[in-house]
There are 2 protein chains.
Amino acid sequence: MPSPQSRAAPPPRPRLTREAVLDAASGLVSQHGPQALTMRKLAAELGTAVTSIYWHVGNRESLLEALVERTVRELGEIRPRGSTPQARVVSIARTLRRELRARPHLIAMVHERGLTERMFLSAQRALAQEAHAAGLRGARAAEAVRSVQFTVIGHVLVERNRERAPTQRPGEPELWEPAEAKAADDPALARALARPPDPEKVFMASVRALVEGLLGPPDPPLPQSL
Amino acid sequence: MPSPQSRAAPPPRPRLTREAVLDAASGLVSQHGPQALTMRKLAAELGTAVTSIYWHVGNRESLLEALVERTVRELGEIRPRGSTPQARVVSIARTLRRELRARPHLIAMVHERGLTERMFLSAQRALAQEAHAAGLRGARAAEAVRSVQFTVIGHVLVERNRERAPTQRPGEPELWEPAEAKAADDPALARALARPPDPEKVFMASVRALVEGLLGPPDPPLPQSL
DNA sequence: ACCTGAACACCGTTCAAGT
DNA sequence: ACCTGAACACCGTTCAAGT
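What counts as what
- Residues numbered from 1 in each chain as written.
- Chains lettered and ligands numbered in written order.
- Predicted model: local features only at pLDDT ≥ 70, side-chain atom pairs only at ≥ 80, totals over all residues.
- Heavy atoms only, no water.
- Contact = heavy atoms within 4.5 Å.
- Buried area = accessible area lost by both parts, 1.4 Å probe.
- Salt bridge = Lys/Arg side-chain N within 4 Å of Asp/Glu carboxyl O.
- Polar contact = N/O pair within 3.5 Å; in protein donor to acceptor, adjacent residues only side chain to side chain.
- Helix = DSSP H or I, 4+ residues; strand = E, 2+ residues; numbered from the N terminus.
- Nonpolar A, V, L, I, M, F, W, Y, C, P; charged D, E, K, R; others polar.
- 1 Å grid on protein atoms, 1.4 Å probe; cavity = no way out; pocket = protein on both sides within 12 Å on 5 of 7 lines; lining within 4 Å.
- Points joined across faces, edges and corners; volume = space filled by probe spheres on them.
- Least-squares fit on C-alpha atoms with pLDDT ≥ 70 in both.
- Domains from an automatic or database assignment.

Let's talk about the interface of chain B and chain A
Right, so step 1: The interface is formed by 59 residues belonging to chain B together with 59 residues belonging to chain A.
Right, so step 2: Here chain B and chain A share an interface that buries about 5300 Å² over both sides, 61% of which is from carbon and sulfur atoms.
Right, so step 3: If you sort the residues of chain B by the area they bury against chain A, R146(B), F150(B) and N161(B) come out on top, with a joint share of 13%.
Right, so step 4: Here chain B and chain A share zero salt bridges between them.
Right, so step 5: Where chain B touches chain A, the interface holds 16 residue pairs in polar contact (both at pLDDT 80 or more).
Right, so step 6: Those elements giving two or more residues to the side of chain B that touches chain A turn out to be α6 (104-112), α7 (121-133), α8 (138-164), α9 (172-175), α11 (187-194) and α12 (199-215) of chain B.
Right, so step 7: Per-element accounting of the side of chain B that touches chain A gives the leading share, 18 residues, to α8(B).
Right, so step 8: Of the residues that constitute the side of chain B that touches chain A, the class distribution is 28 nonpolar, 14 polar and 17 charged.

As structure tokens, this is what we get:
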């Protein structure tokens, strides 16, 4: 007898709980996407009747909502690094990108439910501080904050889009092949566009150019030996 | 007798055709989103048996694929306007934004299937030309093209996200209310962030800043009186 | 308070049969 | 070549009934 107080009871399946349901659901979604989450599969995974799940989480839609809510909450505080406002804004952008890319399916669900922006509120505060430090004030500073915010979120969405893309015909390679390239005035440009882009490079180049356009070039942090 | 060759035939329902199926499906999707497109509703709309549809389009998934294909094809050629490369790039960005926002549901489907980028190939060509005209060459020009491309697509995705968003609690207004604003060093900034952003303004500010960061300030088109 | 199976109304898809 | 209804395997959800 493994446990003294309950003899002959069926194996120690712990009581079904809302948390257990969410965990199992999160597992299904993380691995195979939300379409893999059916109430019947979930029940099988949990070893309960389908209808028990309804008692704990209401219905499928509010189950998904709970998962999204959890994901939004999980995205932690942002700690900017760097010695100039420009560098710190770039570091915020970088951190956000990394966090988002770690949870593709769940982030997609957050996006579908229109909560992407809410997930970014703490980042928004950090950006506001840096805009202020760079000398921007009032409405202009707010505009800069939002430009960075929209651009970062946007790039992450575009990247995700590219990753899910099936092989595209006609794709960039075909369209920028030598034939076209000869006609172009810049063969090196044509060749570069024929290669698949490095999304991280594009992201960093965009963010740097945007930040410079918004905040201007950084002040030299210290008088150098010159 | 309305038509001589066929007396007593049931009303002149024209033969079911692939095009008719696509049109009806497109209507359902455009108005109520892809989840409103069920094979049974579609059949009812067309006045045929559910199974007839399968003969013409295969199955639901390839029907949706055909709709997406159509949408990608419909996005026309881009005609840049303006007298400097900078202005022309901005005009390209503007046009793309408008085209995309005219077909929200279909564009979302293009996005879900990872074809957003393919839809942008003609725009990419136009951007490459402008980057070249601005003096960028080779890999640097390609990077600029992609920065603009990613940024524009990204902003459109973010905007769509915001539009579908349910009212968010806690939202920006609550989080940037006076209480917080007092603590901030810039009350005007806090007030500006408490107001809902004007997406068009954010878009234009981002694109302008990005283009300046990438291409530099435009040359004066003509020597001015000074 | 928690769990259950039966039943309902919906799906997409296949298939043999019609014309 | 085109269209049909019946049937299958799957859904999410409700509900009365159990403990």
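Points about the layout of surface pockets
Right, so step 1: Approximately 850 Å³ is the volume found for the largest pocket.
Right, so step 2: Surrounding the largest pocket, 27 residues form its lining, E112(A), R164(A), P34(B), A108(B) and E112(B) being those nearest its centre.
Right, so step 3: Taken together, the residues that form the lining of the largest pocket break down as nine nonpolar, eight polar and 10 charged.

Things to note about the environment of R160(A)
Right, so step 1: Examined against the element boundaries, R160(A) turns out to sit in helix α8 (residues 138-164).
Right, so step 2: Non-local contacts of R160(A), meaning those with residues more than four positions away in its chain, are made with P104(A), H105(A) and A108(A).

A word on the relation of the copies chain B and chain A
Right, so step 1: For these two chains of identical sequence, chain B goes onto chain A by a turn of 180° and a shift of 0.0 Å along the axis, with RMSD 0.1 Å. Taken together, the rotation angle and the small translation identify this as a two-fold axis. Within chain B, G154(B) has its C-alpha nearest the rotation axis, a separation of 1.7 Å.

A short note on the domain arrangement of chain A
When the parts of a complex come together, some accessible area is lost, and that lost area is often taken as the interface size.
All names here are of chain A.
Right, so step 1: The assigned domain composition of chain A is domain 1 (18-63) and domain 2 (76-165 + 180-215).
Right, so step 2: For domain 1 and domain 2, the distance between their C-alpha centroids amounts to 34 Å.
Right, so step 3: Every contact between the two is made by eight residues of domain 1 and, on the other side, four residues of domain 2.
Right, so step 4: Here domain 1 packs against domain 2, burying approximately 420 Å² in sum over the two surfaces, 62% of which is carbon and sulfur.
Right, so step 5: Where domain 1 touches domain 2, the interface holds one salt bridge.
Right, so step 6: The partner of E61 in a salt bridge is R113, with the nearest N and O atoms 3.6 Å apart.
Right, so step 7: Run the count over domain 1 and domain 2 and you get two residue pairs in polar contact (both at pLDDT 80 or more).
Right, so step 8: In terms of residue count, helix α1 (residues 18-32) provides more of the side of domain 1 that touches domain 2 than any other element does, five residues in total.

Structural notes on the side chain of S91(B)
Right, so step 1: Counting through the fold element by element, S91(B) comes out in helix α5 (residues 85-101).
Right, so step 2: Among all residues touching S91(B), those that are not within four sequence positions of it are P80(B) and R81(B).

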